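Fold and geometry: a report
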Amino acid sequence: MLKLRFSVQFFSVIRLAFTMTEKPKVVFVLGGPGAGKGTQCANIVKQFGFVHLSAGDLLREEQKSPGSEYGQLIENHIKSATIVPVEITCKLIENAMTKSTSNKFLIDGFPRNQNNLDGWNKEMADKVELLYVLFFDCPEDVCVRRCLKRGAEGSGRADDNEESLKKRISVYNTETMPIIKFFEAKNLVKRFNAEKSADEIFEEVKTLFT
């Protein structure tokens with residue numbers, strides 16, 4: 001009986017140690033500005049228990065954080081629709097994951113270009129398990145219309161205006177689409193028609209997570 005009790009305790013400790021060292025599971029979420037990434041991430045969080053990490057939100061939070069060493073740099077990049085140095089973005093993502101009690105993460109709006117991907121592979125790829133990439137594919141005119149509406153309704157985002165949107169879409173087409181194609185070649189991309197309503201899209205998304 002003593003040996004049996006010891007064995008049960010021993011294997012319980014082993015299972016606990018394995019659980020504690022299990023790599024975080026990551027899903028990248030990509031799509032143009034206004035494609036509905038945030039809305040779908042919120043639905044996935046609510047129904048499937050993932051934690052939503054928006055690269056853009058993390059950068060904006062850091063920008064507004066009093067005394068942040070990166071704040072002004074981030075603000076300059078956001079206003080000019082250019083990419084924040086990948087080392088900063090990776091660090092903010094890793095910090096958020098470390099603070100979380102969850103082991104499942106949606107990383108929204110990242111990696112956005114080859115530099116992002118290279119930085120992620122260098123800093124984070126060995127620390128996580130990448131499950132797949134959700135790609136919300138949406139026509140440009142729909143993206144622009146949604147973002148302008150969002151800005152008019154008080155989104156508070158400095159880049160929800162026509163001038164910034166032109167730059168953001170140009171950056172997306174030239175820099176992010178090649179990343180999506182890279183993951184497609186690895187059979188990791190799950191593509192959704194983001195022109196549909198949010199409810200219709202989520203019905204399709206749910207089949208992937210269940």
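Identification of the protein as UMP-CMP kinase from Diaphorina citri is taken from an unreviewed UniProt entry. Turning to the protein, the UniProt record has this under Sequence similarities (unreviewed entry): "Belongs to the adenylate kinase family. UMP-CMP kinase subfamily." In its Subunit (unreviewed entry) section, the UniProt entry covering the protein states "Monomer."

So, about the pairing of strand β4 (residues 129–137). When strand β1 (residues 25–31) meets β4, the two strands line up parallel, connected through 7 bridges. Considered in β4, the bridge of K25 is made with E129. Sheet analysis places β4 next to strand β5 (residues 189–193), joined by 5 bridges and oriented parallel. Counted as the bridge partner of F136 is F192 from β5.

Attention now goes to the pattern of salt bridges. Evaluated as defined, the whole model comprises 13 salt bridges. The partner of E22 in a salt bridge is K25, with the nearest N and O atoms 2.5 Å apart. Linking K206 and E203 is a salt bridge whose minimum nitrogen-to-oxygen distance equals 3.0 Å. Remark: E203 and K206 occur in helix α9 (residues 198–209); sequence separation between them is 3 residues, near one turn of the helix.

The subject of this paragraph is the packing of helix α3 (residues 55–64) against helix α5 (residues 86–99). Orientation of α3 relative to α5, taken along the N-to-C sense of each, is 95 degrees, at an axis distance of 10 Å. By the angle class used here, α3 and α5 are roughly perpendicular. Contacts between α3 and α5 involve A55, L58, L59 and E62 from the first element and I88, T89, L92, I93 and A96 from the second.

To continue, consider the UniProt feature "binding site: a ribonucleoside 5'-phosphate" (unreviewed entry) in the protein. Residues given the UniProt feature "binding site: a ribonucleoside 5'-phosphate" (unreviewed entry) here are R60, T82, I83, V84, G109, F110, P111, R112, R157 and R168. If you take the residues mentioned a moment ago, the ones lining the largest pocket come down to R60, T82, I83, V84, G109, F110, R112, R157 and R168. Residue position: I83 is located in the loop between α4 (71–80) and α5. By relative accessible area, which is 18% here, I83 ends up buried. Checked against the element boundaries, P111 lands in the loop between β3 (104–108) and α6 (114–123). A relative accessible area of 0% means that P111 is categorised as buried.

Let us look at the layout of surface pockets. Space inside the largest pocket adds up to approximately 720 Å³. Around the largest pocket, the lining is made up of 34 residues, and of these G56, G109, R112, R157 and R168 lie nearest the centre. Secondary structure elements with two or more residues in the lining of the largest pocket: β1, α2 (37–48), β2 (51–54), α3, α4 and α8 (162–185). Here the element with the most residues in the lining of the largest pocket is α3; it accounts for 5 residues. Among the residues making up the lining of the largest pocket, the classes are represented as 10 nonpolar, 15 polar and 9 charged. The computed volume of the second largest pocket comes to approximately 200 Å³. Forming the walls of the second largest pocket are 15 residues, and the residues nearest its centre are G34, A35, G36, T39 and R146. Listing elements by their share of the lining of the second largest pocket, those giving two or more residues are α2, α7 (140–152) and α9.

The rules we used
- In this numbering scheme, every chain counts its residues from 1 along its sequence in written order.
- Local features are withheld for residues below a pLDDT of 70 in this predicted model, meaning they are given only at 70 or higher, and side-chain atom pairs are given and counted only at 80 or more; totals for whole chains, interfaces and linings count all residues.
- The basis for every side-chain value is the complete set of non-hydrogen atoms in the structure, without hydrogens or water.
- UniProt positions are given in the numbering used here, feature names are shortened, and annotations may be inferred rather than shown by experiment.
- Pairing between strands is defined by DSSP: at least two bridges between the two strands are required.
- In this description a helix means any DSSP run of H or I spanning at least four residues, a strand means any run of E spanning at least two, and both kinds are numbered starting from the N terminus.
- Salt bridge, as used here: a side-chain nitrogen of Lys or Arg that lies within 4 Å of a carboxyl oxygen of Asp or Glu.
- Note on method: axes are straight lines fitted to C-alpha atoms, helices fitted across the in-contact stretch only, with angles between N-to-C directions ranging 0 to 180 degrees.
- For this classification, under 35 degrees means roughly parallel, over 145 means roughly antiparallel, 65 to 115 means roughly perpendicular, and everything else is oblique.
- In this analysis, two residues are considered to be in contact whenever any of their non-hydrogen atoms come within 4.5 Å of each other.
- Points on a 1 Å grid over protein atoms alone make up a cavity when a 1.4 Å probe fits among them but cannot get out, and a pocket when they form an open set with protein on both sides within 12 Å along at least five of seven lines; lining residues each have an atom within 4 Å of a point.
- Only protein chains enter the accessibility calculation, which uses a 1.4 Å probe. A residue is then buried if its area is under 20% of the maximum for its type, exposed if over 50%, and partly exposed in between.
- Grid points are joined across faces, edges and corners, and a volume is the space filled by probe spheres set on the points.
- The nonpolar class holds Ala, Val, Leu, Ile, Met, Phe, Trp, Tyr, Cys and Pro. Asp, Glu, Lys and Arg form the charged class, and all remaining residues, Gly among them, are polar.

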